[in-house]
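Architecture and fold: a report
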Amino acid sequence: MRQYSRTPFRIGIGLLILAGVSLATIRHLELGVPWWPGEQRPVWRVEARVDFQASGEPVSVRLNIPDQPPGFRILTEQATSPGYGFTLQEQQGERFAQWDIRQAEGPQTLFFKTRLLPEPQAAQDRESELPTASQVFLEEPSATAARALLTQAQAQSSGPASLARALIRQLTRATPDQNAQLLLDHAALAETLAQLLNHAGIPARLVDGLVLEDARRQQRLLPWLQIHDGNHWITFNPRTGEQGVPEQVLLWRQARGPVLEVVGGQDSQVRFSMLRQTLPATQVGQATATGSVMTALSLYQLPVEQQGMFRLLLLMPFGALVVCVLRILIGIRTAGTFMPVLIAVAFVQTSLLPGLAAFLSLITLGLLLRGYLSSLNLLLVSRISAMIVLVLFLTAALSLIGYHMGFSTGMTLTFFPMVILAWTIERMSILWDEEGPHEVFIQGGGSLLVAILAYLIMSAPLAEHLSFNFPELHLVVLGLILLLGQYTGYKLTELRRFAPMRRYST
Amino acid sequence: MMRWIRPRALQQQGMLSMNQRNIDYIGRYNDRRAYPLVDNKLKTKTLADTWDVPSPALLQVVKAQHEIHQFLDYVAALDGFAIKPAKGSGGKGILVIAGREGNDFIKPSGSRVSLIDIERHLSNILAGLYSLGGSPDVAIIEALVRADPLLSRYSHQGVPDIRVLVFKGYPVMAMLRLATAASDGKANLHQGAVGVGLNLANGHALNAVQFDQPIEQHPDTGLPLKDIHITQWAYLLTMASRCYEATGLGYMGVDLVVDAFQGPLLLELNARPGLAIQIANGEGLLPRLNAVEALPRPHLTPEARVAWAREQAAPSASGVLCSRPSTRRDGVPA
Ligand SMILES: Nc1ncnc2c1ncn2[C@@H]1O[C@H](COP(=O)(O)OP(=O)(O)O)[C@@H](O)[C@H]1O
Ligand SMILES: [Mg+2]
């Protein structure tokens, strides 16, 4: 029979663990990546992606980029653009990323990446000359409507800022009056506001802001309104009237002119993705990438979109380790070996209690529906397929209910793996029929317990910090998993199960 | 109270743990390629025929959805049969029909099953509901086994089966499994069947457990379990031992039934036999497994192996062959 010595295996595992630990130590020493997540500063990594169709002629692309955005400090800027010549330009206080190429055809994609450090009051207005209100020509009947609106608003206000607020109030009412409606029919809200204010002799302009939310993709810029009160530019959210730049908003463009200009191409658009990273305080200081091997191995090198995904994937080994420990050392029974890990990943995104509530209600409702399905005498494949569709409906319904009750968890419910849920429900209901509710509670409870434990570990800041900043530590996890695979001792539950043997012991 | 036991004590009694079973026995002695032979009851049956190991007659195989209706016509003429998923395990998906009443079929428990129920059950089996990993399956229909009256007295509404643990061809431990009301006419321990440890030397009962807890009497029939003894013991063990040659599996559980008319029959083979047999016997497996591994020269025929195993167990039901499990075994090339 196959019989092999375990020594080489053990040495291998030792080497694996040693490699993981020493690589991590090198990274720690060389790059100053700290062991603990505490010493970190959040850094936003924002990626602008420009897409267009080149028409076979010389192409020139110009993207307006942030210039001293209030509340942020720019750490690094970087462009990727195969074959294009790239320059950063500054003109009349505006900054551009400019790409040029002699000839291009077909779909083109260009990236501009920047890393920003949130800094309260980092940037102050720098105004060389006082701006003046621009001329606005309005045709009738818009002009009359504008005048009427302005008179109304001026009656309620005492200065430029309060005038702006009054106007925003008037235009954002649930049912705007006739004058407001007339103007809004001709131009968008933010634009109308700027026009009205300029009309009233107050310098006003539109700027483009980006709402920063972790791991978002395909985001667009939203217009913000700025007026000059003689000293500073004051920013308003034209949709709510809120004054000032919110912490999570990056003003991407604060100058006149379009965000994106493409010569020699069509259908151009720019989209943004963003990621909240934590960087060690020391690294923020250096800010720029050194040429070290360790930096090249850092996951921060990946495009933002992929980083978000990786961050989650890198937590999976911890989940797997938890499953190994609980099954091999403790002996907990679960429904499906790694189903708990997937549930735990979903919990990471929904957070525990809402996730747990949603999961339990999904399973319960699913079991009820499945009871009905089984009376229909369907084939298994179509029964499970039907179950998947029903689970989808249930998720949608729960999301809606949650949304109307004011929970935002509804959004993240979609992270529950539908197919897994459908199978879980099917298995549970069979288990119920065949072995009774007892076994359902044992296995279901076991799965939930494992999922919760896995969640607790995966959601610990330390786990996320270590797994993303020191990916080589997964070698250690791998080593531990392999070691566990060799454990031949008793499980904790067996000490209980075999307890009747006490009466036979001599 | 008897709630926990120290690992020390378990080690002294030579109890085999789940992890060790998986790594040191199943992983080492069971060739993966042989698994389909035992995981598929249809293949097991053909194999058993080849090696002259009798098993319940195969009445029919339902392989596809459209064959179900044909089967329903055919089955109308039968009054006792068992439907099994070929790739099922642990008693899942087994439907035993012991008789008829009008249009309905009667389970050993007395509850009724309609033709529609049977149809649905068959289609579930075909879709793979009971098979490992949900892969498509076939349903096999076997002749009903009618338990030997000597034994069936002890078993509630179901055929008792005898599990023999065969290690490298040597029977090392055996137990009788009695169906109970809880186990719905099936003799699967985790479903609530009673396990009765059997003395390997003579087939006499040792101890009994249900749900891993020691008991004295059958929970439904109330009969004392100590009195049980199995006839044709040597023949039974030889049959089990012969399955080693048939499959080549070094560590397996052989499930036998004793039919009232045909005598001992092979019900199924199991490549991952459970550990409860140790509790039923009140003894750990490791000393016996070690004794087999330590044999300088294996016996060549099933008869010789059975004789050796019975001899080992003969002096008393337990204890004597326990050369207490030494620390770790060194690798013994087989
Ligand atoms: N032909 C049969 N006649 C009567 N009872 C049967 C028959 N086949 C199986 N059974 C009952 O069902 C139980 C489980 O059957 P088995 O073939 O061992 O399948 P499994 O792999 O699911 O354990 C047996 O212990 C026995 O009690
Ligand atoms: Mg069985």
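Residues numbered from 1 in each chain as written. Chains lettered and ligands numbered in written order. Predicted model: local features only at pLDDT ≥ 70, side-chain atom pairs only at ≥ 80, totals over all residues. Heavy atoms only, no water.

**So, the overall build of chain B**
The cut-off we apply is this: Working definition: helices are DSSP H or I runs of at least four residues, strands are E runs of at least two. Numbering for both runs from the N terminus. Residue contacts are defined here by distance: any two heavy atoms, one from each residue, within 4.5 Å place the two residues in contact. Values of accessible area rely on a 1.4 Å probe in the Shrake-Rupley scheme; residue burial ignores everything except the protein chains shown.
When helices and strands are tallied, chain B shows 11 helices and 14 strands. A separation threshold of at least 6 residues defines the contact pool for chain B, and within that pool the share at least 24 residues apart is 65%. Of the roughly 13500 Å² of accessible surface on chain B, 54% is carried by carbon and sulfur atoms.

**Some points on the overall build of chain A**
Here is the rule we go by: Each residue is placed in one exposure class: buried if its accessible area under a 1.4 Å probe, protein chains only, is under 20% of its type's maximum, exposed if it is over 50%, and partly exposed if it falls in between.
For chain A, the helix and strand inventory stands at 18 helices and 13 strands. Within chain A, the proportion of its 506 residues that are buried is 45%. Counted over contacts in chain A with a minimum sequence separation of 6, partners at least 24 positions apart contribute 77%. As presented, chain A carries roughly 24900 Å² of accessible surface, and 60% of it is formed by carbon and sulfur atoms.

**Here we look at the confidence of the model for chain A**
Residue and element names in this part refer to chain A. The condition that has to hold: Confidence of the predictor in every single residue is expressed as pLDDT, which spans 0 to 100.
Looking at chain A, pLDDT values average 81 and 89% of them are 70 or higher. When pLDDT is averaged over each element of chain A, helix α17 (residues 473-484) comes out on top at 93 and helix α13 (residues 409-412) at the bottom at 51. Counting contacts from residues 285-291, a segment whose pLDDT is below 50, to residues more than four positions away or on other chains yields seven contacts.

**Here's the deal with the sheet that holds strand β6 (residues 112-113) of chain B**
Residues and elements named next belong to chain B. The test is simple: Pairing between two strands requires that DSSP report at least two bridges joining them.
Read from one edge of the open sheet, three strands run β4-β5-β6, paired in antiparallel fashion. Each end of this open sheet is capped by a strand with a single partner; those strands are β4 (99-101) and β6. Relative to β6, strand β5 (residues 104-106) runs antiparallel, the two sharing two bridges. Bridging across to β6, F105 finds its partner in V113.

**Things to note about helix α11 (residues 352-375) of chain A**
Just so we agree on the cut-off: Expected span of a helix: the number of residues minus one, times 1.5 Å.
Here α11(A) contains 24 residues, and its C-alpha end-to-end distance of 35 Å stays within 8% of the 34 Å for a straight helix at 1.5 Å per residue. Turning to α11(A), its buried residues number three or more, namely A:L352, A:G355, A:L356, A:A358, A:F359, A:L362, A:I363, A:G366, A:R370, A:L373 and A:S374.

**A closer look at the UniProt feature "transmembrane region" (unreviewed entry) in chain A**
All names here are of chain A. Where we set the bar: UniProt positions are given in the numbering used here, feature names are shortened, and annotations may be inferred rather than shown by experiment.
The sites that UniProt annotates as "transmembrane region" (unreviewed entry) are residues 312-332, 338-368, 380-401, 407-425, 446-463 and 475-493. For the annotated span residues 338-368, helix accounts for 94% and strand for 0% of the residues, and the straight-line distance between the end C-alpha atoms is 24 Å. A helix fraction of 63% and a strand fraction of 0% characterise residues 475-493, whose end C-alpha atoms lie 29 Å from each other.

**Here's the deal with the site of ligand 1**
All names here are of chain B. Note the following rule: The rule for a residue being near a molecule or strand is that one of its heavy atoms must lie within 4 Å of it. Side-chain atoms alone can form a polar contact between residues adjacent in sequence; in general such a contact is a pair of N or O atoms within 3.5 Å, and within protein one must be able to donate a hydrogen while the other accepts it. In this analysis a 1.4 Å probe is tested at points of a 1 Å grid over the protein atoms alone, and where it fits but cannot get out there is a cavity; an open set with protein on both sides within 12 Å along at least five of seven lines is a pocket; lining residues have an atom within 4 Å of a point. Here the criterion for a molecule occupying a pocket or cavity is that more than half of its atoms lie within 2 Å of the pocket grid points.
Surrounding ligand 1, one finds 22 residues, the nearest of these being K41, K84, G91, D161 and E268. Backbone polar atom of V145 to a nitrogen atom of ligand 1: 3.0 Å apart, as the coordinates give it. Between an oxygen atom of ligand 1 and a main-chain N or O atom of V159, the distance comes to 3.0 Å. Contact with the protein chains covers 99% of the free accessible surface of ligand 1, which is 550 Å². Comparing atom positions with the cavity grids shows ligand 1 to sit within the largest cavity.

**Some words on helix α8 (residues 233-247) of chain B**
Residue and element names in this part refer to chain B. Helix length check: α8 (15 residues) gives 22 Å between terminal C-alpha atoms against 21 Å at 1.5 Å per residue, within 8%. The buried fraction of α8 is high, at 11 of 15 residues. If you check which residues of α8 are buried, you get W233, L236, L237, T238, M239, A240, S241, C243, Y244, A246 and T247.

**Re the sheet that holds strand β2 (residues 59-64) of chain A**
Residue and element names in this part refer to chain A. The condition that has to hold: Lines fitted to C-alpha atoms define the axes, with helix axes restricted to the stretch in contact, and inter-axis angles between N-to-C directions lie between 0 and 180 degrees.
Ordered in space as β4-β5-β2-β12, the four strands form an open sheet in which the pairing is antiparallel. Two strands close off the open sheet at either side, each with one partner strand: β4 (85-91) and β12 (260-263). The sheet shows a mean angle of 15° between the axes of neighbouring strands, taken without regard to direction. One ladder, built from four bridges, connects β2 with β12; its direction is antiparallel. Counted as the bridge partner of L63 is L260 from β12.

**What about the interface of chain B and chain A?**
We apply this condition: The term buried area refers to how much accessible surface (probe radius 1.4 Å) is lost by two components on association, counted for both of them together. We count a salt bridge whenever a side-chain nitrogen from Lys or Arg sits within 4 Å of a carboxyl oxygen from Asp or Glu. In this count, Pro and Cys sit with the nonpolar residues alongside Ala, Val, Leu, Ile, Met, Phe, Trp and Tyr, while Asp, Glu, Lys and Arg are called charged and the others, Gly among them, polar.
The interface of chain B with chain A comprises 52 residues on the first partner and 37 residues on the second. Taken as a group, B:W4, B:N19 and B:L129 account for 15% of the area that chain B buries against chain A, more than any other trio of residues on that side. Between the two partners, chain B and chain A, sit one salt bridge. Across the salt bridge formed by B:D212 and A:R497, the nearest N and O atoms sit 2.9 Å from each other. For the pair chain B and chain A, the interface holds 12 residue pairs in polar contact (both at pLDDT 80 or more). Only α1 (7-12), α2 (18-29), α6 (115-127), β12 (213-215) and α9 (276-281) of chain B provide two or more residues apiece to the side of chain B that touches chain A. Residues belonging to the side of chain B that touches chain A are distributed by class as follows: 21 nonpolar, 21 polar and 10 charged.

**As for empty space enclosed by the protein**
Residue and element names in this part refer to chain B. Heads up, the rule is: Grid points are joined across faces, edges and corners, and a volume is the space filled by probe spheres set on the points. Domain start and end points were adopted from an automatic or database domain assignment.
This model, assessed by the stated rule, comprises eight cavities of 30 Å³ or more. The volume enclosed by the largest cavity comes to roughly 340 Å³. Looking at the lining of the largest cavity, the elements that each hand over two or more residues are β2 (81-85), β7 (139-143), β13 (251-259) and β14 (263-270). Here the lining of the largest cavity is composed, by residue class, of 10 nonpolar, six polar and nine charged. Mapped onto the domain boundaries, the lining of the largest cavity takes at least three residues apiece from domain 1 (7-53 + 148-330) and domain 2 (58-143).

**Focus: the packing of helix α9 (residues 316-330) of chain A against helix α15 (residues 437-458) of chain A**
All names here are of chain A. The cut-off we apply is this: An angle counts as roughly parallel when it lies under 35 degrees, as roughly antiparallel when it exceeds 145, as roughly perpendicular when it falls between 65 and 115, and as oblique in every other case. Left-handed describes a crossing whose near helix is turned anticlockwise from the far helix by less than a right angle; the clockwise case is right-handed.
Closest axis-to-axis distance for the α9/α15 pair is 9 Å, and the angle between their directions is 140°. Classified by the angle between their axes, α9 and α15 sit oblique to one another. Considering the relative orientation of α9 and α15, their crossing is right-handed. Side by side, α9 and α15 meet where M316, F318, G319, V322, V323 and L326 of the first sit next to V450, L453, A454, I457 and M458 of the second. In terms of residue class, the contact of α9 with α15 is made up of 10 nonpolar, one polar and no charged.

**Focus: the packing of helix α2 (residues 142-155) of chain A against helix α4 (residues 178-186) of chain A**
Residues and elements named next belong to chain A. Put simply, α2 and α4 touch, their axes get as near as 9 Å, and they point 130° apart. Between α2 and α4, the crossing angle belongs to the class labelled oblique. Like other packed secondary-structure pairs, α2 and α4 cross with a definite hand, here left-handed. On the side of α2, the interface is formed by S142, A145, A146, A148 and L149, while α4 contributes N179, A180, L182, L183 and H186.

**Quick look at the packing of aromatic side chains**
Inclusion rule: A pair of aromatic rings is counted whenever rings of Phe, Tyr or Trp (Trp by its six-membered ring) have centres within 6.5 Å, and the orientation is called stacked for planes under 30 degrees apart, edge-to-face for over 60 and tilted otherwise. A positively charged side chain is recorded as over a ring if its NZ (Lys) or CZ (Arg) lies within 6 Å of the ring centre. The angle to the ring normal must also be within 35 degrees.
Throughout the structure, instances matching the rule amount to 13 aromatic pairs over all chains. Measuring from centroid to centroid gives 6.5 Å for B:F71 and B:F81, while their planes differ by 85°, and the two rings are edge-to-face. Taken as a pair, B:F71 in helix α5 (residues 67-75) and B:F81 in strand β2 lie far apart in primary sequence, 10 residues in all. For B:F71, a relative accessible area of 0% translates into the label buried. Look at B:F81 and you get buried, because its relative accessible area is 0%. Members of the aromatic cluster, each reached through a chain of ring pairs, are B:Y25, B:Y29, B:F167 and B:Y251. Cation over ring: A:R62 sits above A:F96, and NZ or CZ is 4.0 Å from the ring centre. Here A:R239 stacks its cationic end above the ring of A:W224, 4.7 Å away from the centre of that ring.

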